[in-house]
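Notes for the structure review
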Amino acid sequence: MGPSPRDQLSKIETTCESLLYELQMIWNEVGESDAERDKMLLELEQECLEVYRRKVDLANRSRAYLRQAIADVEAELAAICSAMGERPVHLKQSNQNATSLKEELMAINPQLEEMRKRKSARLKQFLQIMEQIRKISSEIHPNGQALPRIVVDESDLSTRKIEEFQRQLEALQTEKDDRLKQVLEHLNTLNALCTVLGVDFKRTVIEVHPSLGEAEGSKIVSNDVIERLASIIHKLRDVKVQRMNKLQDIATTLLELWNLMDTPIEEQQLFQNATSNVAASEHEITEPNSLSADFINFMEAEVLRLEKLKGCKMKELVLKKAAQLEVMRQNTHLVTQGNCELEIAIEAIEAGAIDPSLILEQIEAQISGIKEEAFGRKEILERVEKWMAACEEEAWLEEYNRDENRYSAGRGAHLVLKRAEKARATVQRIPGIVEALCCKVIAWEKERGTEFTYDGVRLLSMLEEYAFVRQEKELEKKRQRDQKKLQSQLIVQQEALFGSKPSPSKPQSAKKLPRTSTGGASRRLSLGAAALQPTKPDLLCSTKTTKRANECTSVSPAKKDLDAGIPVKKLSFNSTNANAFQSDHRKPFAPLTPTNNLPLTTQLIHNIVSEEQNKTPKATPIATPKTPGTVSTPMKMANTPAPCSVAYEEEANIVTKAIEEYSFEERRLAFYLRRQQEDLHFT
Amino acid sequence: MSGAPPSGSGRELANPPTDGISNLRFSNHSDHLLVSSWDKSVRLYDASANVLKGEFMHGGPVLDCCFHDDSSGFSASADFTVRRYVFSSGKEDILGRHVAPVRCVEYSYAAGQVVTGSWDKTLKCWDPGGANGPEHTLVGTYPQPERVYSLSLVGHRLVVATAGRHVNVYDLRNMSQPEQRRESSLKCQTKCVRCYPNGTGFALSSVEGRVAMEFFDLSEASQSKKYGYLLNLFQAVAVLTLYGTFATGGCDGYVNVWDGNHKKRLYQYSKYPSSIAALSFSKDGRLLAVASSYTFEEGDIPHEQDAIYLRNINEVEVRPKPKAIHAAAPL
């Protein structure tokens with residue numbers, strides 16, 4: 001409608017007037033009384049007043065409401081501002097502007113609105129922060145006072161407060177971060193430990209807290225968790241150390257066993273990772289599963305296996321070592337009677353009574369002992385070797401000298417000759433070698449206060465014996481030389497006198513004499529027994545025997561008065577010698593017997609020689625002259641001839657070896673006779 | 001070649017044998033000295049007068065000799081005979097024979113017999129007082145294990161040393177078997193044996209030069225007293241003096257006197273030109289006859305002339321010196 005309210009108002013006023021007119025008209029018509037008319041008009045006026053009043057009230061009310069609203073707004077604003085910690089700046093401003101209420105309100109409302117917005121934003125902020133705080137707190141202290149609802153103190157929404165909260169949040173954040181770092185660290189450590197120990201990491205951490213098992217996602221960082229992690233880590237670290245020690249022990253044992261049993265390299269390399277860590281410290285061992293239970297079991301199993309093997313091999317080892325010991329003993333010539341104890345030991349090992357390693361230890365100890373001794377004995381043993389080598393050469397030389405063909409020019413003859421030459425030189429040196437050796441041994445014995453044994457015998461005794469034997473040999477050689485001389489003399493004699501070798505009759509006579517002498521001897525003996533009271537018949541008997549004995553010695557019938565066994569030669573010999581022996585001072589009383597003597601002498605000496613030759617095969621060799629000081633116990637025998645003769649023959653056999661010995665007088669006699677022959681030859 | 005020996009050796013006997021001297025003995029009754037030699041002779045000297053009183057010949061070298069009494073003696077020869085001599089009359093005859101050279105002869109006053117040992121491995125006892133002729137004199141023949149090298153008498157005891165180092169001890173009253181059969185305690189060939197005048201034992205010498213003192217008593221205590229010494233080089237010839245000490249001589253030409261009990265040498269006489277072949281003390285101990293004569297220990301080599309020296313003996317040279325603390329052991 002186009003008309004404005006003013007317009008309307010004017011209309012209304014017009015209308016009112018019209019209406020009044022009209023009313024007046026009506027009344028007029030109706031012919032109302034003026035009292036009535038006035039009453040109605042009063043009523044009308046009153047009613048109109050009422051309406052006016054109502055409208056005014058309304059307007060008042062509205063105005064009040066507005067005022068209220070403004071006040072409210074202002075109050076709210078103030079509240080908000082105070083809450084937000086800002087000054088309500090604008091308030092008085094509007095009053096001074098004297099703007100209408102509505103204007104005021106209109107002005108204020110947006111402010112309020114703004115503030116409200118701001119407040120709510122702030123509130124939101126707060127809420128956010130507090131939510132965050134809550135969250136973090138709950139992460140940190142899951143069982144702590146959990147704020148069921150975030151209650152924001154709306155009275156304080158100031159920035160200060162929020163900053164406070166911010167700070168709190170930050171602090172919490174930091175704490176959380178720290179804890180998280182810690183946890184992560186722990187987890188890392190744990191992870192490392194678990195890999196080394198072959199433990200399932202995930203399972204372990206989940207045990208601590210399920211959240212830890214997640215690769216992503218937030219992790220609980222509560223004290224509890226951290227402590228538990230720490231304790232698990234500690235525990236696992238202990239386990240690691242334990243296992244490491246165990247492993248190192250096992251590895252050491254393995255090394256020992258390998259060494260003992262000469263295990264091949266390939267086998268050893270299987271355990272490289274363990275044996276290489278033998279001396280590592282705890283933090284150096286990082287390889288996965290290098291300390292896992294399985295691995296350790298594996299190693300232990302290997303050790304067990306090896307030990308079993310060792311047990312089986314122990315006997316072999318003991319024997320091997322024992323053999324080693326034996327060889328060493330032999331090399332140093334320290335052979336003793338320790339062998340039986342070894343056998344006993346081995347039996348005991350087999351029976352399980354003794355720990356083989358004990359025996360092994362003992363043997364090892366003995367071996368090292370022998371090594372030490374060997375060192376001290378080395379020099380003397382070397383000298384002994386030299387001595388023995390020299391003796392061998394000597395023996396070879398003797399053999400060589402006996403060899404008839406030694407000068408034959410065969411292959412390698414010159415080498416042999418050279419060797420003989422060398423050998424002779426060596427033989428010359430032998431006394432010196434022995435002498436020096438003796439000195440060394442004596443010094444050695446003095447120094448150590450014990451005997452030097454060689455294969456169980458005292459070396460000095462050996463050397464003494466050797467020297468003694470050598471001396472004997474020298475004497476022996478001398479005797480043989482002399483004997484040879486005698487023999488050759490006899491041959492020369494025979495040849496000189498008789499011109500030919502008396503070979504056929506020699507053996508005969510030689511054989512005869514021994515028989516005769518033995519027989520004659522026993523006869524003489526029996527006679528001797530009876531000769532306690534010499535009677536003529538006895539004497540006669542003895543004489544006859546003697547004569548017979550004498551006669552028996554002669555072989556050829558032609559020589560009655562000759563006792564020699566050699567025929568023709570004897571005769572001439574005899575006659576010439578008879579003169580030689582007849583002295584100018586011979587008294588008439590003396591019977592002519594000297595003629596017999598010289599031939600007999602020669603014969604006898606010769607016979608002595610051949611006797612020895614014949615008897616030697618039958619000889620019961622007597623030992624080399626006994627050491628001085630022994631006296632053969634006198635045999636208390638019965639006074640009967642028989643035992644005597646037995647004894648005599650026994651003695652004859654026993655002393656066969658002594659037949660080779662000659663006194664100086666006997667030798668001189670031989671020379672004497674030889675000279676005689678020579679003189680005769682030239683006459 | 002033969003230089004004069006130092007005057008300390010004593011005076012030389014005139015007319016010594018012309019070849020090696022095998023033995024010499026003083027008589028028990030005078031200063032008569034009987035010498036046997038390889039020149040086949042047996043000579044009788046008056047030592048103090050230095051005069052040759054008689055000479056007897058054998059058929060071969062004479063190896064030993066001994067007195068019977070002052071007027072008679074015996075000899076053993078390589079011609080197998082044992083001869084008897086009566087010096088006053090110059091008579092001699094053959095007492096008996098062996099079948100090999102006779103090496104030693106001794107006369108036993110206790111038994112009144114002559115004992116001879118031979119290389120025919122027998123010992124023979126002879127009765128010199130028996131009827132003449134060798135057929136009647138042999139008392140007995142006793143076989144030995146080996147050739148006899150030496151024998152010695154004391155009282156009724158006879159000690160025989162043979163080759164092979166056997167030593168037999170006999171009681172002359174019972175010759176059927178040896179009282180003891182022993183072995184020399186020395187390693188080497190026995191040279192000679194001499195009984196101690198007190199009859200407790202004998203000294204054995206070996207060619208090596210050692211002398212062992214042995215005892216008849218076989219009990220342990222006595223045997224422990226045995227000992228041997230190395231005295232002279234080769235061929236120690238031992239002779240026992242009145243005092244129980246003994247003298248030895250060897251191839252080195254020295255004569256030594258020893259105290260056997262104390263094992264000490266009492267005296268050494270100056271060196272003789274040749275080996276000492278024999279020694280003998282006169283009955284009163286004033287004279288010592290030394291035969292300086294090569295003994296063929298080195299075979300047939302040129303050697304000094306054979307000579308006999310007579311020394312006057314000082315008691316001090318042969319008497320054992322008393323031990324300072326202990327009483328001298330009885331010899």
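Residues numbered from 1 in each chain as written. Chains lettered and ligands numbered in written order. Predicted model: local features only at pLDDT ≥ 70, side-chain atom pairs only at ≥ 80, totals over all residues. Heavy atoms only, no water.

Describing the overall build of chain B
Secondary structure summary: chain B contains 2 helices and 28 strands in total. Sorting the 331 residues of chain B into buried and exposed places 68% on the buried side. Contacts spanning at least 24 positions in sequence make up 44% of the contacts within chain B whose residues lie at least 6 apart. Carbon and sulfur atoms provide 50% of the accessible area of chain B, an area that totals close to 10800 Å². (Helix = DSSP H or I, 4+ residues; strand = E, 2+ residues; numbered from the N terminus. Buried < 20%, exposed > 50% of the residue type's maximum accessible area, 1.4 Å probe, protein only. Contact = heavy atoms within 4.5 Å. Areas by Shrake-Rupley, 256 points an atom, 1.4 Å probe, with all protein chains shown as cover.)

Side note on the packing of helix H7 (residues 223-261) of chain A against helix H10 (residues 293-331) of chain A
Residues and elements named next belong to chain A. Where H7 meets H10, the closest approach of the two axes is 10 Å, and the angle between their N-to-C directions is 25°. Taken together, the axes of H7 and H10 are roughly parallel relative to one another. Helix-helix and strand crossings are classified by hand; for H7 and H10 the assignment is left-handed. Of the residues that constitute the contact of H7 with H10, the class distribution is 16 nonpolar, 1 polar and 7 charged. (Axes fitted to C-alpha atoms, helices over the stretch in contact; angles between N-to-C directions. Parallel < 35°, antiparallel > 145°, perpendicular 65-115°, else oblique. Left-handed = near helix turned anticlockwise from the far one by under 90°. Nonpolar A, V, L, I, M, F, W, Y, C, P; charged D, E, K, R; others polar.)

Remarks on the UniProt feature "coiled-coil region" (unreviewed entry) in chain A
This chain's UniProt record puts "coiled-coil region" (unreviewed entry) on residues 155-182 of chain A. Annotated as residues 155-182 of chain A, this span is 86% helix and 0% strand, and its ends, taken at the C-alpha atoms, are 39 Å apart. (UniProt positions renumbered as here; feature names shortened; annotations may be inferred.)

Considerations on the pairing of strand S17 (residues 180-183) of chain B
Residue and element names in this part refer to chain B. Along S17, one buried face is formed by Gln 180 and Arg 182 and the opposite face, lined by Arg 181 and Glu 183, is buried too. With 4 bridges joining them, strand S16 (residues 166-171) and S17 adopt antiparallel strand pairing. Opposite His 166, over in S17, you have Glu 183 as the bridge partner. (Pairing = 2+ DSSP bridges.)

Remarks on the packing of helix H2 (residues 34-84) of chain A against helix H4 (residues 101-140) of chain A
All names here are of chain A. Close contact between H2 and H4 brings their axes to 9 Å; oriented N to C, the two are set at 30°. Accordingly, the angle class assigned to the pair H2 and H4 is roughly parallel. Here H2 and H4 pass one another in a crossing that is left-handed. The residue inventory of the contact of H2 with H4, partitioned by class, reads 13 nonpolar, 2 polar and 10 charged.

A look at the sheet that holds strand S11 (residues 113-118) of chain B
What holds strands together in a sheet is hydrogen bonding between their backbones, with the strands either parallel or antiparallel. Residue and element names in this part refer to chain B. Taken together, 4 strands build an open sheet; the order of strands is S10-S11-S12-S13 and the sheet is antiparallel. Two strands in the sheet have a free side with no partner beyond their single neighbour: strand S10 (102-108) and strand S13 (138-143). Pairs of neighbouring strands in the sheet enclose a mean axial angle of 20°, with direction left out of account. When S10 meets S11, the two strands line up antiparallel, connected through 6 bridges. Bridge pairing in S11 links Tyr 107 to Val 114.

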